[in-house]
2 protein chains.
Amino acid sequence: MIDTRRRILDTAERLFGEQGYSTTSLRQIITTAEVNVAAVHYHFGSKEDLLDAIVLRKAGPVTAARLDLLDRAEAAAAPDPPCVDLILESFLLPTADVAQNNPAFALLMGRMLTEGMMPRIVEKHFQETAKRYVEAFARALPNLPREELLWRFHFMIGAMAHTICGSPTLRQIDSNCDFPTRMRRLVTFLAAAFRAPAENQPCDVR
Amino acid sequence: MIDTRRRILDTAERLFGEQGYSTTSLRQIITTAEVNVAAVHYHFGSKEDLLDAIVLRKAGPVTAARLDLLDRAEAAAAPDPPCVDLILESFLLPTADVAQNNPAFALLMGRMLTEGMMPRIVEKHFQETAKRYVEAFARALPNLPREELLWRFHFMIGAMAHTICGSPTLRQIDSNCDFPTRMRRLVTFLAAAFRAPAENQPCDVR
DNA sequence: GTCTATACTGAGATAGAC
DNA sequence: GTCTATCTCAGTATAGAC
């Protein structure tokens, strides 16, 4: 079949998201997708490279959407830097969009950001964007020491990843679990956090 | 040998932390610990139950330290509730202690909080403590809607877990990577975040 | 260029001898 | 309690059919 490759990608994306990467076997994928065992190795090389291809297919649009929103925010605020709320929105909302339309993949992406197992892939796809955002935050928060800013960026990634994943700590939360709403809550939360003065540091208003 | 069980526990704790849970095979553990393959199944039942036992051994003291610090903070502030900074410290510092003394186990714990694979274990050991803390935060932030509070608690867990894990996003951060310092930065960050007014909500001063 | 069949190694798990 | 042998299933590699 001509669409073997795509069928493997679609099936694996769904199963990885639903069950996790290590829990899902290639044999389950190829059975569900109705292809042969060797097909996945022919098309992708290995299980890890299959995951890589899945991420690649979706990460591109997300990154593009992020940078586009960031560009607009910067253009609108010029010559001043945009405020942290807008920077945060441009970073978080594209993720919420993908998550809303494709919950299984959202789970997978959230896990990848935290599962220490595949830093190679994460690094490849997110490191450049991360640098661009660190610069944007630095301009919006000029009084914040560089090191403090990098840590805060790191805290943000953790909160975002965990929010995408769902998780057991919030079984009690009954309503409003759609991703855009979550992300709006997260923006409010993180904006205040980023604006907090560093310890023994003057307050910073943007 | 009488200490077979302990040798398995120690070895597995170290290897799981260093390499991750799924990456580490039982065979590697039993080779390193110099015990037989079947010993782990005899003493623990399965690989997952072994992980469970490892967590159990360390989670108890951490939980105890947390609740002790929280009790003290509440007693000192009575009849008022303690401020969010102190609540956050009581939650985060015991984790930093363990992480500082046993980095490998810290990695493991951080991963467990995020790897969707073992929610059963996480839930068992952390759910009760979580409820206690949600109540403490609720008293410190009486104007915050319940649902918003639960989400913020969730964001906090994500930031904490990711901070314990290390991660690729902060290769650039060169100094001050010890856990207590990280956690103090995190307390500042999260305190401001928790105190942020909910959207269309009056500000809240504690 | 694609796909199939099949074999290889190593994983976790289990039954039963001692 | 401990160890050996063995089972099933995982990911991977390759030879060859179409």
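No experiment lies behind these values; they were computed from the predicted model shown.

A. Up close: the overall build of chain A. Within chain A one finds 9 helices and 0 strands. The N-to-C order of helical and strand elements in chain A reads α-α-α-α-α-α-α-α-α. Expressed as a percentage of the 206 residues in chain A, the buried residues total 55%. Summarising the internal contacts of chain A: among those between residues at least 6 apart in sequence, 73% fall at separations of at least 24. Carbon together with sulfur atoms contributes 54% to the accessible area of chain A, which is approximately 8800 Å² in total.

B. Fine view of the packing of helix α1 (residues 4–19) of chain A against helix α4 (residues 47–77) of chain A. Residue and element names in this part refer to chain A. The interhelical angle for the contact between α1 and α4, taken along N-to-C directions, is 95°, at an axis separation of 10 Å. By the angle between their axes, α1 is roughly perpendicular relative to α4. Of α4, the residues touching α1 (which contributes Ile 8, Leu 9, Asp 10, Ala 12, Glu 13 and Phe 16) are Lys 47, Leu 50, Leu 51, Ala 53, Ile 54, Arg 57 and Lys 58.

C. How the structure looks around the packing of aromatic side chains. On inspection of all chains with the given rule, the structure shows 16 aromatic pairs over all chains. Pairing Phe 137 of chain A with Phe 194 of chain A gives two aromatic rings, centres 4.4 Å apart and planes at 0°, and the pair type is stacked. Note that Phe 137 of chain A is positioned in helix α7 (residues 119–140) and Phe 194 of chain A in helix α9 (residues 179–195), a separation of 57 residues in sequence. Residues Phe 137 of chain A and Phe 194 of chain A agree in their burial class; the two are buried. When the ring of Phe 189 of chain A is compared with that of Phe 194 of chain B, the centres are 5.8 Å apart and the planes differ by 75°; the resulting orientation is edge-to-face. Here Phe 189 of chain A, found in helix α9, pairs with Phe 194 of chain B, found in helix α9 (residues 179–195), and the two come from separate chains. Aromatic rings pair up to connect Phe 91, Tyr 133, Phe 137, Trp 151, Phe 153, Phe 155 and Phe 194 of chain A together with Phe 189 of chain B into one cluster. Over the ring of Phe 105 of chain A we find Lys 58 of chain A; its NZ or CZ atom is 4.8 Å from the centre of that ring. Just above the ring of Phe 179 of chain A sits the side chain of Arg 182 of chain A; from NZ or CZ to the centre is 4.4 Å.

D. The arrangement of the nonpolar core in detail. Formed by 74 residues in total, the largest nonpolar core has its most connected members in Phe 137 of chain A together with Phe 137 of chain B. At the level of secondary structure, the elements contributing two or more residues to this core comprise α5 (84–101), α7, α8 (146–165) and α9 of chain A together with α5 (84–101), α7 (119–140), α8 (146–165) and α9 of chain B. Those residues in contact with Phe 137 of chain A that lie beyond four places of it in its chain are Val 84, Ile 87, Leu 88, Leu 149, Phe 153, Met 156 and Phe 194 of chain A.

E. Layout of the environment of Gly 20 of chain A. Residue and element names in this part refer to chain A. With respect to the element layout, Gly 20 can be found in the loop between α1 and α2 (26–33). Gly 20 gets classed as buried once you look at its relative accessible area, which sits at 0%. Residues Gly 20 and Glu 89, 69 residues apart in the sequence, show an inter-C-alpha distance of 28 Å.

F. Fine view of α9 of chain B. In this model α9 of chain B runs 24 Å from its N-terminal to its C-terminal C-alpha over 17 residues, within 8% of the 24 Å that 1.5 Å per residue would give. Taken across its 17 residues, α9 of chain B has 14 buried, putting it largely inside the fold.

G. Layout of the packing of helix α1 (residues 4–19) of chain B against helix α3 (residues 37–44) of chain B. Residues and elements named next belong to chain B. Running from N to C, α1 and α3 point in directions that differ by 100°, and their axes come no closer than 10 Å. Viewed along their axes, α1 and α3 adopt a mutual orientation that is roughly perpendicular. Mapping the contact onto sequence places Thr 4, Arg 5, Ile 8 and Leu 9 in α1 and Ala 39, Val 40, His 43 and Phe 44 in α3. By residue class, the composition of the contact of α1 with α3 is 5 nonpolar, 2 polar and 1 charged.

H. Structural view of helix α2 (residues 26–33) of chain B. Residue and element names in this part refer to chain B. Three or more residues of α2 are buried, namely Leu 26, Ile 29, Ile 30 and Ala 33. Summarising the axial view, the buried residues of α2 lie within an arc of 90°, below the 170-degree limit, and thus occupy one face. When the buried face of α2 is taken as reference, the exposed residues oriented beyond 90 degrees from it are Arg 27 and Thr 31. On its buried face, α2 is in contact with α1, α3 and α4 (47–77). Just beyond α2, the residue with positive phi is Glu 34, at close to 60°.

I. A look at the confidence of the model for chain A. All names here are of chain A. Of the residues in chain A, 85% have a pLDDT of 70 or more, and the chain-wide mean is 86. Confidence, expressed as mean pLDDT per element, reaches its minimum in chain A at helix α6 (residues 103–114) with 74 and its maximum at α2 with 96. Throughout residues 202–206 the model reports pLDDT below 50, and contacts reaching past four residues in sequence, or to other chains, amount to 17 contacts.

J. Focus on unusual backbone geometry. All names here are of chain A. Backbone torsion omega between Ala 78 and Pro 79 reads 5°, so that peptide bond is classified as cis. As for its placement among the helices and strands, Pro 79 is situated in the loop between α4 and α5. The backbone phi angle of Glu 34 is positive, close to 55°, even though this residue is not glycine.

K. Main features of the side chain of Thr 11 of chain B. All names here are of chain B. Counting through the fold element by element, Thr 11 comes out in helix α1. Classification of Thr 11 as buried rests on a relative accessible area of 10%. In contact with Thr 11, not counting residues within four places along its chain, are Ile 29, Thr 32 and Ala 33.

L. View of the side chain of Thr 163 of chain B. One can find Thr 163 of chain B in helix α8. Residue Thr 163 of chain B is classed as buried on the basis of its relative accessible area of 0%. Residues contacting Thr 163 of chain B, with those up to four places away along its chain left out, are Trp 151, His 154 and Phe 155 of chain A together with Phe 179, Arg 182 and Leu 186 of chain B.

Analysis parameters
Residues numbered from 1 in each chain as written. Chains lettered and ligands numbered in written order. Predicted model: local features only at pLDDT ≥ 70, side-chain atom pairs only at ≥ 80, totals over all residues. Heavy atoms only, no water. Helix = DSSP H or I, 4+ residues; strand = E, 2+ residues; numbered from the N terminus. Buried < 20%, exposed > 50% of the residue type's maximum accessible area, 1.4 Å probe, protein only. Contact = heavy atoms within 4.5 Å. Areas by Shrake-Rupley, 256 points an atom, 1.4 Å probe, with all protein chains shown as cover. Axes fitted to C-alpha atoms, helices over the stretch in contact; angles between N-to-C directions. Parallel < 35°, antiparallel > 145°, perpendicular 65-115°, else oblique. Phe/Tyr/Trp six-rings, centres within 6.5 Å; stacked < 30°, edge-to-face > 60°. Lys NZ or Arg CZ within 6 Å of the ring centre and 35° of its normal. Core = buried A, V, L, I, M, F, W, Y, C linked by side-chain atoms within 4.5 Å. Expected span 1.5 Å × (residues − 1). Nonpolar A, V, L, I, M, F, W, Y, C, P; charged D, E, K, R; others polar. Arc of directions from axis to C-beta. pLDDT = per-residue confidence, 0-100.

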